[in-house]
Structure formats: structure tokens, C-alpha cells
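The residues making up each chain are set out below.
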Amino acid sequence: MTQITDRFDQVRAQITAAAVHAKRSPSTIKLLAVSKTRHADELRQAWSAGQRDFGENYLQEALDKIEALDDLDICWHFIGPIQSNKTRPITENFSWVHSVDRLKVAQRLNDQRPKGMPPLNICLQVNISDESSKSGVLPSELSALARDVASLENIRLRGLMAIPASNDDPQRQREPFAQLNTLLQNLQQQLPSAPLDTLSMGMSADMEAAILEGATMVRIGTALFGPRDYSE
Ligand SMILES: *Cc1c(COP(=O)(O)O)cnc(C)c1O
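All values reported here derive from a predicted model rather than from experimental measurement.

**Student:** Explain the packing of helix H6 (residues 139-150) against helix H7 (residues 170-190) to me, using residue names and the numbers behind them.
**Tutor:** One way to put it is that H6 packs onto H7 with a least axis distance of 11 Å and a crossing angle of 35°. Judged by the twist between their axes, the crossing of H6 over H7 is right-handed. Counted together, Pro139, Leu142, Ser143, Ala146 and Arg147 of H6 and Leu183, Leu187 and Gln190 of H7 form the full contact between these two elements. Grouping the amino acids of the contact of H6 with H7 by side-chain chemistry returns 5 nonpolar, 2 polar and 1 charged.

**Student:** Please provide a residue-by-residue account of the pattern of salt bridges, values included.
**Tutor:** Under the defined criterion, the tally for this structure stands at 12 salt bridges. Two residues, lysine 65 and glutamate 61, come together in a salt bridge whose shortest N-O distance is 2.6 Å. Here the residue lysine 65 and the residue glutamate 61 both occupy positions in helix H3 (residues 59-68), the gap between them amounting to 4 residues, near one helical turn. Taking the relative accessible area as the measure of exposure, glutamate 61 reaches 23% and is therefore partly exposed. Note that arginine 172 is salt-bridged to glutamate 175, the shortest N-O span being 3.2 Å. Here the residue arginine 172 and the residue glutamate 175 both occupy positions in helix H7, the gap between them amounting to 3 residues, near one helical turn. Judged by relative accessible area, which is 44%, arginine 172 ranks as partly exposed.

Thresholds applied
- Along each chain, the written sequence defines residue order, and numbers are assigned to residues from 1.
- Per-residue local features of the predicted model are confined to residues with pLDDT of at least 70, and side-chain atom pairs are confined, for both listing and counting, to 80 or more; whole-chain, interface and lining totals are unaffected and use all residues.
- Excluded from the side-chain calculations are hydrogens and water; all other atoms, namely the structure's heavy atoms, are used.
- In this analysis, axes come from line fits to C-alpha atoms, helices being fitted only over the stretch in contact, and the angle between any two N-to-C directions falls in the range 0 to 180 degrees.
- Only runs of H or I of at least four residues qualify as helices and only runs of E of at least two qualify as strands under DSSP, and these elements are numbered from the N terminus.
- Helix crossings are classified by the rotation of the near helix relative to the far one: an anticlockwise turn of less than a right angle makes the crossing left-handed, while a clockwise turn makes it right-handed.
- In what follows, residue pairs with any heavy atoms lying within 4.5 Å of each other are defined as contacts.
- Amino acids outside the nonpolar list (Ala, Val, Leu, Ile, Met, Phe, Trp, Tyr, Cys, Pro) and the charged list (Asp, Glu, Lys, Arg) are all regarded as polar, and Gly is one of them.
- Criterion for a salt bridge: a side-chain nitrogen of Lys or Arg within 4 Å of a carboxyl oxygen of Asp or Glu.
- Note on exposure labels: buried denotes an accessible area under 20% of the residue type's maximum, exposed denotes more than 50%, and partly exposed covers the range between, all computed with a 1.4 Å probe on protein chains only.

The following block contains the structure:
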């Protein structure tokens, strides 16, 4: 119990230190707790430590936790790969989706968003440096996709997300994050009426580099909950 609380305190301190280094206000950086593979009880402990935003990658696992934690005011973010035949439970149960990389998925999330719920917040996932990854829209195709997604009425296009290839060099880590920031600035020019305020970038190993390059949401799993065990 105390361990999770201590880890949250540590990560929040790391975010604050990186923000100070970047001459930014720590309040401009939201901590998204990535809780894939973690039990509902661990999320409940994190909630008791003040955490409200949780990110999940696997739909069925996420739906089980959403039900188990129904009594808590949690903002749920979907950050995993999306199969287009699974969009309905995503748009019915989440407030944010960070991993949209094609129009068909955005259209289905839009069309299936329940009446009476606020628009779904979306980030477009960009394939920024990891050519081996099949996820993410290519930078050259981002502008056309963003224009089409921004026109959907049940969607709020909030910004961009990326998972760069891993790199141990803190200086080199900054390059793809800087590129993502530039892409967001270009979109802000292109789509002045879209609420484009979000750069979802930075994980346990590179959160400082991401914050130095303008991250507004860092997605942290291991540093908060410890190493993941996929064997179960
Ligand atoms: C697992 C995951 C994270 C968190 O990674 P850690 O290295 O454990 O902090 C962040 N973003 C996405 C998309 C993930 O799948």
C-alpha cells in the first residue's frame, strides 16, 4: 500500500523537477497512470493516493476493471491498438482514446458514441521514429487525417500521441518528441478551431525528455506500479 503511494510521490516529484528544468509550470503536465496488467486493487490504491486518470491497452481487461471500480470517479483513457470491430465498447466506456491512426476507426468511434455523453477526446497516434511499428499514421499523412477527424461532431480532436523507438541517450530521446511538437504546432495553424492542446508523450524511461519537449500528458506504468508480469 505505502509502496504505491511512495512511487506516485516519486513520479510526481520527477515530473515537477523536469517541468522546472523546462521552465514550465508542473500544472501543465498531466500524469496518466498506465495500469495494464495491474489488478483493480492496485488501481484503487492509486486512486487513494490521488490519481484520477488511468490508461489501459487491452479492452476486455479494461472493461473488467471499469466495472470493478464503478464506485470511483476515474477518467479512463484507451491507449492500445484498436480493432475496428471493437470500437463500440471503447466509445461507450472511455473518455479519451490516444491510439487512433485511421479514419475508419475515428468514424466508428464517432458514430457509436452514445447520445448524452460528451464528445470523445481523441489523440492521433503518429509513427514518428519507429519504422518497425505498424501503429501510427505517417507524418506525411497526418494533416489529411486530422482534417477529416476534426470534422466529426462527437469527437474532440485534442492532439497527438507517439511511442518513439527506445533510446538510452537522454539527448537523442528528445528528437522524436520535438518532431511531434512541431507536427502539433502545424496542425494548430491548419485547424485553428480544433481544441488541439495535448501532446501525449513520455513513458517511464523517457518522461524527462518528453517534458522538455512540451509533453502535456505523460503515460507512466512501470515507474508507478513496478515491473509488469505478463505470465498470468
Ligand atoms: C505500456 C505503455 C506505457 C507505459 O510504459 P512504461 O514504460 O511502463 O511506463 C505508455 N504508453 C503506452 C502506449 C503503453 O502501451
